[in-house]
Amino acid sequence: MNKLIRNNRLSKEELLADETIYSQANGFLGTRGTFVEGYGKDYEYNQTYLNAFYDQYDYFYEENFSGFPQNGQKFINLIDGQRMDFIVDGKALNLDNCEVLSLKREYDLETGVTTRIIHYKTVLGKEFILTERKLVSAKRKEVIALNITIESINFKGTVKVISYLGKSRKKSLNSKDPRLHNGISKHLNIIDISEANSLITVKTSRSNLYLNTVMIHSNPFDVDLGKENLIGQKEYLISPNNSIKITKYIIYTSNLYHKDYLEDSKKIVKDLQSIDFEQLITEQIGYFKGFWKKAYIKLTNNEYIESLLNYNLYQLNCSGGESEFHNISAKGLSGEGYEGHYFWDSEIYMLPFFVFTNPQKAKNLLMYRYHTMKEAKEEAKNLGYNKGIKFPWRTINGEEVSPYYPAGSAQFHINSDIAYAIIKYFEATNDLDFIVDYGFEMLIESARFLTEAVNYNGDHYHLNSVTGPDEYTTVVDDNYYTNQMLKYHFSYVVKFYDKYLKELSEVFIKLEVSKDEITKMKEIAEKIHLPFDKDLNIFTQDAAFLKKKKLDLALIPEDKYPLLMNFHPLFLYKHQVLKQADTMLSMMLLDFDDESILKDSFNYYEPITTHDSSLSKCIYSILAFKLKNYDLACDFFKRVLETDFLNVQKNTSHGLHVANLGGSYLGFIYGFVGIRITEDYLKINPIVTKDIKEYELNIMYQGETINIKVDNKVNISSTGNVSLKVYEKEIELNGNYQTALKT
Ligand code: BGC
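Computed from a prediction, not measured in an experiment: that's the story for all the values here.

Caption draft 1: Highlighting the sheet that holds strand S34 (residues 736-740). Read from one edge of the open sheet, five strands run S20-S29-S30-S31-S34, paired in antiparallel fashion. Whereas interior strands pair on both sides, the edge strands pair on one side only; in this sheet they are strand S20 (298-299) and S34.

Caption draft 2: Expanded view of empty space enclosed by the protein. The tally for this structure, following the rule as stated, stands at six cavities of 30 Å³ or more. Looking at the largest cavity, its volume works out to about 90 Å³. Along the walls of the largest cavity sit 13 residues, with Glu347, Pro352, Tyr420, Lys424 and Tyr670 positioned nearest its centre. Those elements that place two or more of their residues in the lining of the largest cavity are helix H5 (345-357), helix H8 (413-429), helix H14 (583-589) and helix H18 (658-672). Looking at the lining of the largest cavity, the element that brings in the most residues is H5, giving five residues.

Caption draft 3: Molecular detail of the nonpolar core. Counting 214 residues, the largest nonpolar core has Phe86 and Phe668 as the members making the most contacts within it. Apart from the residues within four sequence positions on either side, phenylalanine 668 is in contact with Ile297, Leu299, Leu309, Phe637, Val673, Tyr695 and Leu697. Residues Ile251, Ile268, Val269 and Phe277 belong to the second largest nonpolar core, which totals 16 residues.

Caption draft 4: Spatial organisation of the sheet that holds strand S2 (residues 24-25). If you trace the three strands from one edge of the open sheet to the other, you get S2-S3-S4, paired in antiparallel fashion. Because the sheet does not close on itself, it has two edges, and the strands there are S2 and strand S4 (48-50). In terms of strand pairing, S2 meets strand S3 (residues 29-31) through two bridges, oriented antiparallel. Within the sheet, the bridge partner assigned to glutamine 24 lies in S3 and is threonine 31.

Caption draft 5: Expanded view of the pattern of salt bridges. Counted under the stated rule, the structure contains 34 salt bridges. With a closest N to O distance of 2.7 Å, arginine 116 and glutamate 37 form a salt bridge. Residue arginine 116 is found in strand S10 (residues 113-122), and its partner glutamate 37 is found in the loop between S3 and S4; the two are separated by 79 residues along the sequence. On the accessibility criterion, arginine 116 (2% relative accessible area) is buried. For glutamate 37, a relative accessible area of 3% corresponds to the buried category. Lysine 690 is the salt-bridge partner of aspartate 631, the closest N and O atoms lying 3.0 Å from each other. Taken together, the positions of aspartate 631 in helix H17 (residues 630-642) and lysine 690 in the loop between strand S28 (682-684) and strand S29 (695-701) put the pair 59 residues apart, joining distant regions of the chain. Looking at aspartate 631, the relative accessible area reads 55%, which means it is exposed. Taken together, the shared-partner salt bridges connect Lys377, Glu445, Arg448 and Glu517 into one network.

Caption draft 6: Structural context of the pairing of strand S30 (residues 704-710). Counting buried positions over the seven residues of S30 gives five, a clear majority of the element. Here S29 folds back onto S30, and the loop between the two strands holds two residues, one of which, glutamine 702, carries a positive phi near 45 degrees. As defined by bridge partners, S30 adjoins strand S31 (residues 713-718) across five bridges and the pair is classed as antiparallel. Looking at S31, one finds that isoleucine 706 is bridged to serine 718. Hairpin connection from S30 to S31: two residues lie between these consecutive antiparallel strands.

Caption draft 7: Structural detail: helix H2 (residues 261-273). Given a rise of 1.5 Å per residue, 13 residues ought to cover 18 Å, and the 18 Å separating the end C-alpha atoms of H2 matches this to within 8%. Inspection of H2 places Tyr261, Ser265, Ile268, Val269 and Leu272 among the buried residues, and these make up the whole buried set. One side of H2 holds all its buried residues, which, seen down the axis, span an arc of 100 degrees. Of the exposed residues in H2, those oriented more than 90 degrees away from the buried face are Lys266, Lys267, Lys270 and Gln273. Residues of H2 that are buried make contact with strand S12 (143-152), strand S15 (199-204), strand S16 (210-217), strand S19 (244-254) and helix H3 (277-295).

Caption draft 8: Here's a closer look at helix H7 (residues 373-382). Within the span of H7, buried status applies to Met373, Glu375, Ala376, Glu379 and Ala380. Seen from one end, H7 has its buried residues packed into an arc of 155 degrees, which puts them on one side. Check the buried side of H7 and you find it contacts helix H6 (359-371) and helix H9 (432-453). After H7 finishes, the residue glycine 384 shows a positive phi value of roughly 95 degrees.

Caption draft 9: Summary view of the layout of surface pockets. Roughly 1,100 Å³ of volume is contained in the largest pocket. Around the largest pocket, the lining is made up of 44 residues, and of these Pro178, Arg179, Tyr338, Arg394 and Glu471 lie nearest the centre. Contributing elements (two or more residues each) for the lining of the largest pocket: helix H13 (569-573) and H18. When the residues that make up the lining of the largest pocket are grouped by side-chain class, the tally is 22 nonpolar, 12 polar and 10 charged.

Cut-offs applied
Residues numbered from 1 in each chain as written. Predicted model: local features only at pLDDT ≥ 70, side-chain atom pairs only at ≥ 80, totals over all residues. Heavy atoms only, no water. Pairing = 2+ DSSP bridges. Helix = DSSP H or I, 4+ residues; strand = E, 2+ residues; numbered from the N terminus. 1 Å grid on protein atoms, 1.4 Å probe; cavity = no way out; pocket = protein on both sides within 12 Å on 5 of 7 lines; lining within 4 Å. Points joined across faces, edges and corners; volume = space filled by probe spheres on them. Core = buried A, V, L, I, M, F, W, Y, C linked by side-chain atoms within 4.5 Å. Buried < 20%, exposed > 50% of the residue type's maximum accessible area, 1.4 Å probe, protein only. Contact = heavy atoms within 4.5 Å. Salt bridge = Lys/Arg side-chain N within 4 Å of Asp/Glu carboxyl O. Expected span 1.5 Å × (residues − 1). Arc of directions from axis to C-beta. Nonpolar A, V, L, I, M, F, W, Y, C, P; charged D, E, K, R; others polar.

Given below as structure tokens:
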């Protein structure tokens, strides 16, 4: 497999995007790819995060309407332990003080280690090569390790190394961007700081979370107390024959994940004292070997696509899903965009990757929702409902925190999105225990809320004043996506009720599920209105969508995108213009197969979609594959893969677009391999294109591993019994199956 080599460029504009690309995480702890020595005074931006380690702050509304969330939540930039200064002739080696003769950066996907080699020349002509290797340990979830080497080219003398532990020096990104938090509050309060133990303990201001951070060095440093930080110092003699080598570990423990976070910290520190950086790399290799065995997608003769695709899967895997008590934020652990909030991104875009490569993680993500049902119940009440639960549009601790309801809380589809994920998880794993113990409860409670939400007009059921996935059209009647997903959701509640009467009998008693209630849900599923326009032969995005005028996207200059940054929402709302796939998304998820409607809908919606959200192109790519428009499909697919790598959305600095990372996987397995999970079997309809002619991957399905290899034939093998449908042919597989490739 290929190591991913990025580039040798050094552009100040792209530094923040590169920090994201080189970010590292282990699902709990994540850190950005900053330079340990910083960039100089204008560009300090060290950021490290712990999943779900957040604080709250007050929202301030000039017009504070009833039921608006009163508190924001944001995940916190932790105590930074990575910063080091390397001082020569009284000046630190960094971009401000030195000329950079070369830079090389590399991300090794087999070890999770990033390497940066930078050649500095000081104003006095002294040259140094600084090599920084960094890892966030996959095995020791609390540990970040840095390994620094400084070689001198032409200097003999002293280098003073200062190593810090303290609050991160951070400059705020563009505060006018609604996708970023823009308040400044004090979130971390130091409750203990000890130079003897090189530790700082902090407590969050409002959420009552504690964090202990320790730094240790391979060669002991003299550590002094600074102003709210610890400063370790050491002088080294350097010469062309004698380089400096330092390994530094930073250890984070929190009451969020540890019963006794202070005691556990001591144990981890003790263990690390006998372990060097190379041993940590060996551990990493073990972990990633296991990961790649399940997840690697091998493409023959297309290294570029292969490395981007696998890089995206790698980053998705590192973003979370490790515990039942946190989820995966829109930016994973790689940046502050969307304040570390969890969205529907998890269930619709990210979860399938885990279902097929690590079902336990998929279950963890769903269990997180289960553990936040209490808050979802409160939110239903807050919205004026008597029954059921309303999952939050955005949250960390389970409480709704959308301050802008039209593109937030009004997205009622989140309930059916989570239901959809539960159903697909179940179909792909056969985990009936999960449905009995947790899944059905979520399905019915979220359906109860929607049952109360719909209106009956004597003919059809309608859902009024809701927002679909497209955030450039809000608070509408009968959003097709929402209604269609509700139909699917409700039909499965009915199906589970009928099919697992015995297994679920205790659950029905506990939740007071009655036959009448189920009959009502069945009726709603049958009679929910799905707006359709006969002349255009398309499902319309909502009841009034076609009455609006189209926005001529060709007239809008390139620099006015994303539109949300340049146009008032009301201007966007009065037009037929989409931020992202909406009607088309439900057609993809539910495998809509009336080709004529699908084609007409695609041709109608695609030209009015800006793809300003990164959740869009992957969906259009999959549908273009389905419509056999392979050039367009591949074009979208490539842009999806490049999203962060080439900063396509222009905000990679905010963090990785993690839903889009999941979209890369969806694009491949739904687009190329033609996989769909159904109630009875797994559909597989592989295709090849002119650029991707051969590939191989493994997926987990109902406890078995299925290997799919496509070249001029299709070879499928399974470790045990599975029901498949390969190109319209149903097969019971246990062993190997081969068939001709259909073109
Ligand atoms: C999209 C939402 C998405 C959110 C977080 C927004 O730009 O419109 O659909 O959930 O980003 O990724």
